[in-house]
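# Working through the structure, step by step
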Amino acid sequence: MSRIEFFFSLLTIVCLYSTVKGGAPERWGGLIFVVGVILTIITGSYSDSGFTQPEVGILICDVVIFLAFLALALNAERYWTLWICSMQMIQVLSHIPIMFIPELLPQAYYAIVAFWGYPMLIVLAAATYRHQQRLRQFGVDRSWSDYSF
């Protein structure tokens, strides 16, 4: 199994799990992931640079995904949203080295940009599991902050 097949398998399993067993923030997190991956694939397919220069389309997608996770973090009554938001910000910042080091190997740039999706999906899976634990323990798990928009 290639790493791309592995990522899509993990994405499918985690997002289905968060949709079926998660609370509203977990479901929104899964939706943001799926839409983000689709947008990234679409914008990446229009690039012919092969990661030899900044992937502007993917950078824009990463910023939009960050803003979506930030909105979720500001409204959800969950700590995991802060972790995901932080990892997505690192994802956005990972586009900077190629701007200043043009001789950076395309494989290194690709690896840096592609890495953070895996731990983010693991955090979403753990968050969904913790949601189920809180439901069993307390019977309820509040989804949204009192200060939600």
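Note that the structure is predicted; figures quoted are calculated from it, not measured.

Moving on, we come to the overall build of the protein chain. Within the protein chain, the regular secondary structure consists of 7 helices and 0 strands. The burial tally for the protein chain puts 39% of its 149 residues in the buried class. Taking the intrachain contacts of the protein chain between residues at least 6 apart in sequence as the baseline, contacts between residues at least 24 apart amount to 72%. Here the protein chain displays about 8800 Å² of accessible surface, and carbon together with sulfur accounts for 72% of that area. Separation of charge centres in the protein chain, based on 8 positive and 9 negative side chains, amounts to 17 Å.

Before going further, it helps to spend a moment on the nonpolar core. By size, the foremost hydrophobic cluster in this structure holds 20 residues, and its most contacted members are Leu11, Phe33, Phe69, Trp80, Ile84 and Leu121. For this core, the secondary structure elements donating two or more residues are α1 (3-21), α2 (24-45), α3 (56-75), α4 (80-93) and α7 (117-138). Leaving out residues up to four positions away in the same chain, Phe33 has contacts with Leu11, Cys15, Phe69, Ile84, Gly117, Met120, Leu121 and Leu124. Counting residues in hydrophobic clusters, the runner-up holds 5 residues, among them Phe51, Ile58, Tyr109 and Val113.

Counted by the stated rule, this structure contains 5 salt bridges. Between Arg142 and Glu77 there is a salt bridge, and its shortest N-O distance comes to 3.8 Å. Remark: Glu77 occurs in the loop between α3 and α4 and Arg142 occurs in the segment after α7; sequence separation between them is 65 residues. Taking the relative accessible area as the measure of exposure, Arg142 reaches 43% and is therefore partly exposed. A relative accessible area of 41% means that Glu77 is categorised as partly exposed. Here Asp141 ties to Arg134 by a salt bridge, and the two come within 2.9 Å at their closest N and O atoms. The pair formed by Asp141 and Arg134 is uniform in burial state, with each residue classed as buried.

Turning to the side chain of Thr128, a few remarks are in order. Examined against the element boundaries, Thr128 turns out to sit in helix α7. The class for Thr128 is buried, based on a relative accessible area of 0%. Apart from the residues within four sequence positions on either side, Thr128 is in contact with Tyr17, Ser18, Lys21, Gly22 and Glu26.

Attention shifts here to a nonpolar patch on the surface. Residues Trp28, Leu31, Val34, Val35, Ile38, Leu39, Ile42, Tyr46 and Trp144 make up a contiguous nonpolar surface patch of roughly 870 Å² in combined accessible area. Following the sequence through the fold, Leu31 ends up in helix α2.

Turning our attention to the packing of aromatic side chains. All told, the structure shown has 5 aromatic pairs when counted by the stated rule. A centroid spacing of 5.8 Å and a plane angle of 70° characterise the contact between Phe7 and Phe8, whose relative ring orientation is edge-to-face. A relative accessible area of 15% places Phe7 in the buried class.

As a further point, take the layout of surface pockets. The gaps left among the atoms become clear once a water-sized probe is rolled over them. Volume-wise, the largest pocket comes out at about 750 Å³. Taken together, 29 residues make up the lining of the largest pocket; nearest its centre are Phe7, Thr40, Tyr110, Val113 and Ala114. Elements represented by at least two residues in the lining of the largest pocket include exactly α1, α2, α3, α4, α6 (106-115) and α7. Tallying contributions element by element places α2 first for the lining of the largest pocket, with 7 residues. Across the lining of the largest pocket, the residue classes tally to 17 nonpolar, 9 polar and 3 charged. If you add up the space inside the second largest pocket, you get close to 190 Å³. Sort the elements by how many residues they give to the lining of the second largest pocket and α7 lands first, with 4 residues. When its residues are assigned to classes, the lining of the second largest pocket shows 5 nonpolar, no polar and 5 charged.

Criteria and cut-off values
Residues numbered from 1 in each chain as written. Predicted model: local features only at pLDDT ≥ 70, side-chain atom pairs only at ≥ 80, totals over all residues. Heavy atoms only, no water. Helix = DSSP H or I, 4+ residues; strand = E, 2+ residues; numbered from the N terminus. Buried < 20%, exposed > 50% of the residue type's maximum accessible area, 1.4 Å probe, protein only. Contact = heavy atoms within 4.5 Å. Areas by Shrake-Rupley, 256 points an atom, 1.4 Å probe, with all protein chains shown as cover. Lys, Arg positive; Asp, Glu negative; His and termini not counted. Charge placed at Lys NZ, Arg CZ, Asp CG, Glu CD. Core = buried A, V, L, I, M, F, W, Y, C linked by side-chain atoms within 4.5 Å. Salt bridge = Lys/Arg side-chain N within 4 Å of Asp/Glu carboxyl O. Patch = residues over 30% accessible without salt bridge, like charges linked within 9 Å, V, L, I, M, F, W, Y side chains within 5 Å. Phe/Tyr/Trp six-rings, centres within 6.5 Å; stacked < 30°, edge-to-face > 60°. 1 Å grid on protein atoms, 1.4 Å probe; cavity = no way out; pocket = protein on both sides within 12 Å on 5 of 7 lines; lining within 4 Å. Points joined across faces, edges and corners; volume = space filled by probe spheres on them. Nonpolar A, V, L, I, M, F, W, Y, C, P; charged D, E, K, R; others polar.

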